[in-house]
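If you want the building blocks of each chain, they are given just below.
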Amino acid sequence: MKDFIKDKLNEGFIFELIQNMMDEDYPLTFSMEHFKTLRKYTERVRYCEEHLKRISSGSARIVYMVDNTKVLKLAKNEKGITQCETEIEYGNYHDLDGVVAKIFEYDEKNLWVEMQLARKLTPTLFKQISGFSFEDFQKAVNDYGMDSGNGGRGYKSNINPQIMEQMWENEFTYGIFNFIGNYGFPVGDLTKLNSYGIVSQNGQNSIVIIYYGL
């Protein structure tokens with residue numbers, strides 16, 4: 001009887017250990033609780049450099065890969081803090097679910113943000129997923145930006161009116177129009193392919209905005 005109980009306790013311990021490992025998204029050497037206590041930028045960078053893989057760096061932020069679903073964006077300066085703040089704000093609006101990359105966790109002072117990792121988008125993949133060419137999409141975004149007073153090239157495009165009508169009935173493009181019209185988001189960055197990425201949602205590939213703190 002004692003051996004039976006011991007075996008069951010061991011099984012439970014092993015199951016819990018495996019479960020914890022499966023739930024662990026950061027490397028085992030990375031402690032989010034410790035990371036949150038780091039108040040200096042140099043300390044945060046040093047800790048991330050030691051435990052995470054850097055995948056990009058700009059003038060305002062450094063991006064580290066957490067796992068195959070998440071990234072950690074670390075602000076370098078006030079510009080980076082503002083970008084994090086904007087992404088956190090938009091990421092918390094429910095009507096933008098599926099339009100912008102998801103926010104999972106963030107610093108209360110906007111020093112960093114943990115966000116959904118997206119794969120690189122190409123014009124071919126854009127058309128496969130959305131049903132529209134990226135060129136037509138650029139024209140539509142430009143024209144709606146001008147109509148709504150949120151920027152544009154200063155002149156209307158020669159987009160086919162039927163294609164524009166179809167875009168208003170498409171979930172993805174309607175979401176982009178909503179982002180422009182209801183949130184006053186300037187269209188300049190929304191006409192750039194690298195502002196978007198591919199994520200998996202409900203078992204399907206979807207296009208989301210990944211740089212919306214600009």
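Keep in mind it's a predicted model, so treat the numbers as computed, not measured.

**Overview of the layout of surface pockets**
In this approach, a probe sized like a water molecule rolls over the atoms, and the result shows the empty space that is left.
1) Next: In this model, the largest pocket occupies a volume close to 650 Å³.
2) Next: The wall of the largest pocket is formed by 29 residues, among which Ser56, Val63, Asn194, Ile210 and Tyr211 lie closest to the centre.
3) Next: At the level of secondary structure, the elements contributing two or more residues to the lining of the largest pocket comprise β1 (53-57), β2 (61-65), β3 (70-75), α4 (78-91), β5 (112-116), β6 (119-120) and β7 (196-201).
4) Next: For the lining of the largest pocket, the leading source of residues is β1, giving three residues.
5) Next: The class makeup of the residues in the lining of the largest pocket is 13 nonpolar, nine polar and seven charged.
6) Next: By volume, the second largest pocket is sized at about 410 Å³.
7) Next: Around the second largest pocket, the lining comprises 16 residues; the ones closest to its centre are Gly98, Glu171, Phe172, Gln201 and Ser206.
8) Next: Per element, the largest residue contribution to the lining of the second largest pocket is four residues, and it comes from strand β8 (residues 204-209).

**Points about the sheet that holds strand β4 (residues 103-106)**
1) Next: The antiparallel open sheet is built from five strands, whose spatial order is β1-β2-β3-β5-β4. Looking at which strands have only one partner, the edges of the open sheet turn out to be β1 and β4. Each neighbouring strand pair of the sheet contributes to a mean axis angle of 25°, computed without reference to strand direction.
2) Next: Pairing of β2 with β3 involves five bridges; the strand directions are antiparallel. In the strand pairing of β3, Met65 is matched with Val71.
3) Next: Where α4 meets the sheet, its contacts fall on β2, β3, β4 and β5, and the angle it forms with β5 comes to roughly 45°.

**Here's the deal with the packing of helix α7 (residues 161-168) against helix α8 (residues 171-183)**
1) Next: Following both chains from N to C, one finds α7 and α8 inclined at 85°, their axes separated by 6 Å at the closest point. The angle between α7 and α8 places the two elements in the roughly perpendicular class. Along the contact surface, α7 presents Met164, Met167 and Trp168, while α8 presents Thr173, Tyr174 and Phe177.
2) Next: Of the residues contributing to the contact of α7 with α8, the split by class is five nonpolar, one polar and no charged.

Parameters and conventions
- Residues numbered from 1 in each chain as written.
- Predicted model: local features only at pLDDT ≥ 70, side-chain atom pairs only at ≥ 80, totals over all residues.
- Heavy atoms only, no water.
- 1 Å grid on protein atoms, 1.4 Å probe; cavity = no way out; pocket = protein on both sides within 12 Å on 5 of 7 lines; lining within 4 Å.
- Points joined across faces, edges and corners; volume = space filled by probe spheres on them.
- Helix = DSSP H or I, 4+ residues; strand = E, 2+ residues; numbered from the N terminus.
- Nonpolar A, V, L, I, M, F, W, Y, C, P; charged D, E, K, R; others polar.
- Pairing = 2+ DSSP bridges.
- Axes fitted to C-alpha atoms, helices over the stretch in contact; angles between N-to-C directions.
- Contact = heavy atoms within 4.5 Å.
- Parallel < 35°, antiparallel > 145°, perpendicular 65-115°, else oblique.

No statement about biological role is implied by the geometric values presented.
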